[in-house]
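Structural features, examined
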Amino acid sequence: MSFLFGGPPKMTSEQKIAAAETEVEMVSDMFNRLTESCTKKCIPTDYREGDLNKGESVCLDRCVSKFFEVNMKVSEKMQGEATASKQSGMGFGM
């Protein structure tokens, strides 16, 4: 009822903890996908040196940059579609 009388409903501590756990899982998943994808693309399986060479380092830098750029674009697109569906009434079963 607090939504009708002064703003969005307050989250309980259990809901806050669940939301934080979900966020940690999402960030961990994104990091794992990023690491796996960029490692496959940029680092050969036959290691020659203990440190990254310049080519590997540049490749990783570009891969990470592109990964985050695409991730942001997808997030913005999904948020825009969610907002549009709420405004058109689809979110309320109409």
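To keep things clear, this report deals only with the structure shown in the data block. (Residues numbered from 1 in each chain as written. Predicted model: local features only at pLDDT ≥ 70, side-chain atom pairs only at ≥ 80, totals over all residues. Heavy atoms only, no water.)

**Points about the state of the cysteines**
Chemically, a disulfide is nothing more than a covalent bond linking the sulfur atoms of two cysteines. Basically, it comes down to this: Disulfides are defined in this document as cysteine sulfur pairs within 2.5 Å. To qualify as a helix, a DSSP run of H or I must reach at least 4 residues; to qualify as a strand, a run of E must reach at least 2; elements of each kind are numbered from the N terminus. Each residue gets one of three labels from its accessible area relative to the maximum for its type: buried under 20%, exposed over 50%, partly exposed in between, using a 1.4 Å probe on protein chains only.
Per the stated rule, a full pass over the model turns up two disulfides. Paired through a disulfide, Cys38 and Cys63 show a sulfur-sulfur distance of 2.0 Å. Taking the torsion about the S-S bond as the criterion, the Cys38 to Cys63 disulfide, at about -90 degrees, is left-handed. A residue pair is termed long-range when its members are at least 10 positions apart, and Cys38 in helix H1 (residues 13–42) and Cys63 in helix H2 (residues 54–87) qualify at 25 residues. Residue classification places Cys63 among the buried residues on the basis of a relative accessible area of 12%. In this model Cys42 forms its disulfide with Cys59; the gap between the sulfur atoms is 2.0 Å. Between Cys42 and Cys59, the disulfide has an S-S torsion of -70 degrees and is therefore left-handed. Taken as a pair, Cys42 in helix H1 and Cys59 in helix H2 lie far apart in primary sequence, 17 residues in all. Overall, the relative accessible area of 27% leaves Cys59 in the partly exposed class.

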